[in-house]
Amino acid sequence: MKELVKALEWKDEALYLIDQRKLPLEETFVKVTTLEECHGAIKDMVVRGAPLIGFTAIYGMVLWIKNNRQACLEELNKAADYLNTARPTAVNLEYEVLRIKQMAVEYEGRFDAFYPIIEEHAKAQMQVLADGNLAMAKLGADELEKRCGGGKLNLMTLCNTGWLACGPMGTALGVISHMHSLGRVEKAYPSETRPYLQGIRLSSYELTKEGIPHDIVVEGAHSFLLRNKMVDAIFIGADRIVSNGDTANKVGSSSLAIVAKHYGIPFYVVAPTSSFDLGSETGDEIEIEMRSQDEVLYCGGTRLAPEGATAWNPSFDVTDASLIECIICEKGLIKPVNKENLLKVVNS
Ligand code: MRU
């Protein structure tokens, strides 16, 4: 998927983030010049999507080092730990922050010298994301050909995993975009993704910009489409994949996977290796972010629920490994999904 508008840009030693809260109605940018502002932008979902949260966090650390060149390692570690608290479920955040903590050890007392190094590291990571996304898109297309044949397909997704969330092309949406470039998409079905509406606002925005035919569906329509064979395969992203293959992704993923299993529709997870948490054994260990009930009770600033009503708003859920046909990462396919296969591919 082409990045027709920049999701973010590093310019004149500041980070500019497209404000994803305002899309698709407004394409405006938020300027970030400190680690604290970066923390706020991630927490408030100016920027979102696991890989891009991780990438933005790298720039949060770049900004901190730029603003604190005389600081010591202990202070850097404290700042890094604070940044890590912005959102709990996407493991990419702690993955990138930890890497910078490790790199910083060599520059203890010399953060002046570390600054250009870390700035270069940040720039290089966008290319890493782009290369990984393209590799996953090609693997996904090959897998689809084996599983569903070479004709045009109807592909469903949930939440937003395009360039706004994952770097050039995207992950799960990247597979759909790549399939479209091969002339192999009949129709995409992005799910609305209540309550924050990443599907209707962001995936449809990206699909529209790229001219990919699609119909938005509400989550309640999943079973109807799958039962009536209107969908050939489902692709979702991941915020955290643990050793046994259990996968945390936007809430609603798990129920979609259960329905897909029931009707025999292949359910794929597409995510870079920075989304894997090999320190956790099963999905029970994943911290699920609980978000404000107002995201459920209100829509676009208008209260939908009666005064006095309350809501419960988990942002993610865990899809059991047994429901996933295959996990696609840039290093290859994990199929069938089990610990042995997962470790073999991720550590290769
Ligand atoms: O809460 P968000 O919007 O940051 O959620 C992340 C997601 O977009 C999804 O869970 C996605 O499918 C995996 S990350 C690209």
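Peer 1: Explain the nonpolar core to me, using residue names and the numbers behind them.
Peer 2: The biggest cluster of nonpolar side chains holds 50 residues, and the ones touching the most others in it are Phe111 and Phe114. Not counting residues within four places of it along the chain, the set of residues in contact with Phe111 comprises Trp64, Ile65, Asn68, Arg69, Ala71, Cys72, Leu73, Leu76 and Ala104. In terms of nonpolar packing, the next biggest core, distinct from the first, is built from 31 residues, Met156, Val231, Ala321 and Val337 among them.

Peer 1: Give me the lowdown on the environment of Lys22, citing residues and values where you can.
Peer 2: Residue position: Lys22 is located in the loop between β2 (14–18) and β3 (29–32). Look at Lys22 and you get partly exposed, because its relative accessible area is 38%. Once the C-alpha coordinates of Lys22 and Lys66 are considered, the two residues, 44 residues apart in sequence, prove to be 29 Å apart.

Peer 1: Lay out the pairing of strand β9 (residues 267–270) in plain terms, naming residues and giving numbers.
Peer 2: Because side chains alternate across β9, one face comprises the buried residues Phe267 and Val269, and the other comprises Tyr268 and Val270, equally buried. In terms of strand pairing, strand β6 (residues 233–236) meets β9 through 3 bridges, oriented parallel. Within β9, the residue paired with Ile234 across the bridge is Phe267. Note: β9 against strand β14 (residues 326–329), 3 bridges, orientation parallel. When the bridges of β14 are listed, Tyr268 appears paired with Cys326.

Peer 1: If you had to explain the site of the ligand to someone new, which residues and values would you point to?
Peer 2: Taken together, the neighbourhood of the ligand is formed by 18 residues, with Arg48, Arg87, Asp239, Asn249 and Lys250 sitting nearest. The separation between an oxygen atom of the ligand and a polar main-chain atom of Asn160 is 3.1 Å. Lys250 is positioned with one of its side-chain polar atoms (N or O) 2.7 Å from an oxygen atom of the ligand. Considered on its own, the ligand offers 400 Å² of accessible surface; in the complex 99% of this is hidden by protein. Only α2 (50–67), α6 (163–166) and β8 (247–250) provide two or more residues apiece to the shell around the ligand. The residue inventory of the shell around the ligand, partitioned by class, reads 8 nonpolar, 6 polar and 4 charged.

Peer 1: Which residues make up the state of the cysteines, and what are the values?
Peer 2: Counted under the stated rule, the structure contains 0 disulfides. In this structure Cys38 is a free cysteine whose sulfur lies 17 Å from that of Cys166, the closest cysteine sulfur available. Cys38 gets classed as buried once you look at its relative accessible area, which sits at 0%.

Peer 1: Which residues make up the sheet that holds strand β1 (residues 8–11), and what values go with them?
Peer 2: The 3 strands are arranged β1-β2-β3 in an open sheet whose pairing can be described as antiparallel. One side of each edge strand has no neighbouring strand; the edge strands of this open sheet are β1 and β3. Neighbour-to-neighbour, the strand axes of this sheet turn through a mean angle of 20°, independent of strand direction. Strand direction decides the pairing type here: β1 and β2, joined by 4 bridges, are antiparallel. Across the sheet, residue Trp10 finds its bridge partner in β2, namely Leu15.

Peer 1: Let's hear about the sheet that holds strand β10 (residues 276–277): which residues, and what values?
Peer 2: Strand order in the open sheet formed by 4 strands is β10-β7-β8-β13, with mixed pairing between adjacent strands. The sheet terminates laterally at β10 and β13 (316–319), the two strands that pair on one side only. Pairing between strand β7 (residues 240–242) and β8: 2 bridges, direction antiparallel. By the bridge assignment for β8, Arg240 is matched with Ala248.

Peer 1: Give me the lowdown on the packing of α2 against helix α4 (residues 91–104), citing residues and values where you can.
Peer 2: Put simply, α2 and α4 touch, their axes get as near as 7 Å, and they point 30° apart. One way to sum up the angle between α2 and α4 is to call them roughly parallel. At the point where α2 passes α4, the crossing takes the right-handed sense. In this structure, α2 uses Ala50, Pro51, Ile53, Gly54, Phe55, Ala57, Ile58 and Met61 to contact α4, whose residues at the interface are Asn92, Leu93, Glu96, Val97 and Ile100.

Peer 1: Break down helix α3 (residues 73–84) for me, citing the residues and quoting the values.
Peer 2: A rise of 1.5 Å per residue sets the reference length of α3, with its 12 residues, at 16 Å; its end C-alpha atoms lie 16 Å apart and thus fit the reference within 8%. Along α3, the positions that sit buried rather than exposed are Leu73, Leu76, Ala79, Ala80 and Leu83. One side of α3 carries all its buried residues, which in axial view fall inside an arc of 120°. Residues of α3 that are exposed and angled more than 90 degrees away from the buried face: Glu74 and Lys78.

Peer 1: Tell me about the packing of helix α5 (residues 111–148) against helix α7 (residues 172–181), and please be specific about residues and values.
Peer 2: Direction vectors running N to C along α5 and α7 enclose 70°, while the axes themselves pass 8 Å from each other. One finds that α5 runs roughly perpendicular with respect to α7. Seen from above, α5 lies across α7 with right-handed handedness. Residues Met136, Ala137, Lys138, Gly140, Ala141 and Leu144 of α5 touch α7, and the partners they reach there are Gly174, Val175, His178 and Met179. Classifying every residue of the contact of α5 with α7 by side-chain character gives 6 nonpolar, 3 polar and 1 charged.

How each quantity is defined
- Residues numbered from 1 in each chain as written.
- Predicted model: local features only at pLDDT ≥ 70, side-chain atom pairs only at ≥ 80, totals over all residues.
- Heavy atoms only, no water.
- Core = buried A, V, L, I, M, F, W, Y, C linked by side-chain atoms within 4.5 Å.
- Buried < 20%, exposed > 50% of the residue type's maximum accessible area, 1.4 Å probe, protein only.
- Contact = heavy atoms within 4.5 Å.
- Helix = DSSP H or I, 4+ residues; strand = E, 2+ residues; numbered from the N terminus.
- Pairing = 2+ DSSP bridges.
- Near = heavy atom within 4 Å.
- Polar contact = N/O pair within 3.5 Å; in protein donor to acceptor, adjacent residues only side chain to side chain.
- Areas by Shrake-Rupley, 256 points an atom, 1.4 Å probe, with all protein chains shown as cover.
- Nonpolar A, V, L, I, M, F, W, Y, C, P; charged D, E, K, R; others polar.
- Disulfide = S-S within 2.5 Å.
- Axes fitted to C-alpha atoms, helices over the stretch in contact; angles between N-to-C directions.
- Parallel < 35°, antiparallel > 145°, perpendicular 65-115°, else oblique.
- Left-handed = near helix turned anticlockwise from the far one by under 90°.
- Expected span 1.5 Å × (residues − 1).
- Arc of directions from axis to C-beta.

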